[in-house]
Amino acid sequence: MGATERREREKEARKNHILKAARTLLLKKGLHETTVNQIAKLSELSVGTIYLYYHNKEDIFAALQEEGLEILNRFVSEVVAAAATPAERIRAIATAYVDFSEKNKSYYDIITYFLSSPGQVFPARLKSRIDKTGGKVLNHLIDSVEAGIRSGDFRKVNTLNHSLCLWGTLHGLIQFNKLEKTILRNEKYRDLINYAVESFLEGLRKQ
């Protein structure tokens, strides 16, 4: 291994330590109670080293959000590529989102944290960057709906609004996994998600 490659690996390792510490503190203390000093202490790096990689605390949390969204995008991209029809693609996207929430819970919790935060957490520069990353996932849904319209399987609709509504529905229903022993004790929450997706597809189909 050459010196340049070794330095790059060390750089990535430090960034990973920083993000891991920030993720732990964010979920434990919240955004406002977490400081760069705390992140530095938990990651066993100096504050000065933290600032070599990130401008401020918001930069760190934006990187966390983007990292999770990129992993989600990879989940979705893989299943979309394997699906044969627009309806199958939409079903696969929904399943991938639920799988992501279970297999990558810490990343999903980060995404949920910022989506549920009152007001705008990030300045415009960072929000624009995060929205661009999140838009990759949303575009898979939009493209699937548009493909169904072009093929004649779906009626003509506002593809953005419909895609946002489905994503919002999925995100909300995932929270119901906590209710399987109470309200949903006779039903699996994944069955409820499948019901929502099939209802969405039925609404898209031409009568």
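The coordinates are above.
Definitions and cut-offs
- Residues numbered from 1 in each chain as written.
- Predicted model: local features only at pLDDT ≥ 70, side-chain atom pairs only at ≥ 80, totals over all residues.
- Heavy atoms only, no water.
- Salt bridge = Lys/Arg side-chain N within 4 Å of Asp/Glu carboxyl O.
- Helix = DSSP H or I, 4+ residues; strand = E, 2+ residues; numbered from the N terminus.
- Buried < 20%, exposed > 50% of the residue type's maximum accessible area, 1.4 Å probe, protein only.
- Core = buried A, V, L, I, M, F, W, Y, C linked by side-chain atoms within 4.5 Å.
- Contact = heavy atoms within 4.5 Å.
- Phe/Tyr/Trp six-rings, centres within 6.5 Å; stacked < 30°, edge-to-face > 60°.
- Lys NZ or Arg CZ within 6 Å of the ring centre and 35° of its normal.
- Polar contact = N/O pair within 3.5 Å; in protein donor to acceptor, adjacent residues only side chain to side chain.
- Axes fitted to C-alpha atoms, helices over the stretch in contact; angles between N-to-C directions.
- Left-handed = near helix turned anticlockwise from the far one by under 90°.
- Nonpolar A, V, L, I, M, F, W, Y, C, P; charged D, E, K, R; others polar.

Novice: Before we go on, may I ask you to explain the pattern of salt bridges in this structure?
Specialist: Side-chain pairs of opposite charge can arise whenever the charged atoms involved come near each other. In this structure the tally under the stated criterion is ten salt bridges. K136 is paired through a salt bridge with E70; the nearest N and O atoms lie 2.9 Å apart. Remark: E70 occurs in helix α4 (residues 57-82) and K136 occurs in helix α7 (residues 124-151); sequence separation between them is 66 residues. Overall, the relative accessible area of 36% leaves K136 in the partly exposed class. Looking at E70, the relative accessible area reads 26%, which means it is partly exposed. In this structure, the salt-bridge partner of E102 is R190, at a minimum N-O distance of 3.0 Å. Taken together, the residues span a long stretch of sequence, with E102 in helix α5 (residues 86-103) and R190 in helix α9 (residues 189-204) at a distance of 88 residues. Classification of E102 by relative accessible area gives partly exposed; the value is 42%. Through salt bridges with shared partners, one network takes in D99, E102 and R190.

Novice: What's the story with the nonpolar core in this structure? I'm lost.
Specialist: Nonpolar side chains tend toward joint burial in soluble globular proteins. The biggest cluster of nonpolar side chains holds 59 residues, and the ones touching the most others in it are I39, I60, F61, I90 and I193. Broken down by secondary-structure element, the contributors of at least two residues to this core are α1 (3-29), α2 (36-43), α4, α5, α6 (105-116), α7, α8 (159-174) and α9. Of the residues forming this core, the biggest block, ten residues, is contributed by α4. Sequence-distant contacts of F61, defined by excluding residues within four places in its chain, comprise A22, L26, L31, T34, F114 and F122.

Novice: Help me understand the packing of aromatic side chains, please; the structure alone is not making it clear to me.
Specialist: Within a pair of aromatic rings, the relevant descriptors are the distance that separates the centres and the angle that separates the planes. Per the stated rule, a full pass over the model turns up three aromatic pairs. When the ring of F75 is compared with that of F100, the centres are 6.0 Å apart and the planes differ by 80°; the resulting orientation is edge-to-face. Taken together, the residues F75 in helix α4 and F100 in helix α5 connect sequence positions 25 residues apart. Owing to a relative accessible area of 0%, F100 belongs among the buried residues under this scheme. Ring plane angle 80° and centroid distance 6.2 Å describe the contact between Y97 and W167, whose orientation is recorded as edge-to-face. Of the two residues, Y97 sits in helix α5 while W167 sits in helix α8, which places them 70 residues apart along the sequence. Comparing Y97 with W167, the two get one shared label, buried. Among the aromatic residues, ring-to-ring pairing joins Y97, Y108 and W167 into one connected group. Between R23 and the ring centre of Y107, over which it is positioned, the NZ or CZ distance is 4.8 Å.

Novice: Can you help me understand the side chain of T133 in this one?
Specialist: Along the chain, T133 falls in helix α7. Only 3.2 Å separates the side chain of T133 from the backbone oxygen of R129, close enough to count as a polar contact.

Novice: Looking at this structure, I do not really get unusual backbone geometry. What am I missing?
Specialist: Glycine aside, negative phi is the norm for most residues, and most peptide bonds take the trans geometry. For E44, which is not glycine, the phi torsion reads 60° and is therefore positive. Relative to the helices and strands, E44 is located in the loop between α2 and α3 (47-53).

Novice: How should the packing of α5 against α8 be read in this particular structure?
Specialist: If you want to describe how two helices pack, look at the angle between their axes and the distance between the axes. Across the interface, α5 lies against α8 with an axial gap of 11 Å and an inter-helix angle of 35°. Crossing angle aside, the handedness with which α5 passes α8 is right-handed. Facing I90, A94, Y97, V98 and S101 of α5, the residues of α8 in contact are L166, W167, L170, H171 and I174. The residue inventory of the contact of α5 with α8, partitioned by class, reads eight nonpolar, two polar and no charged.

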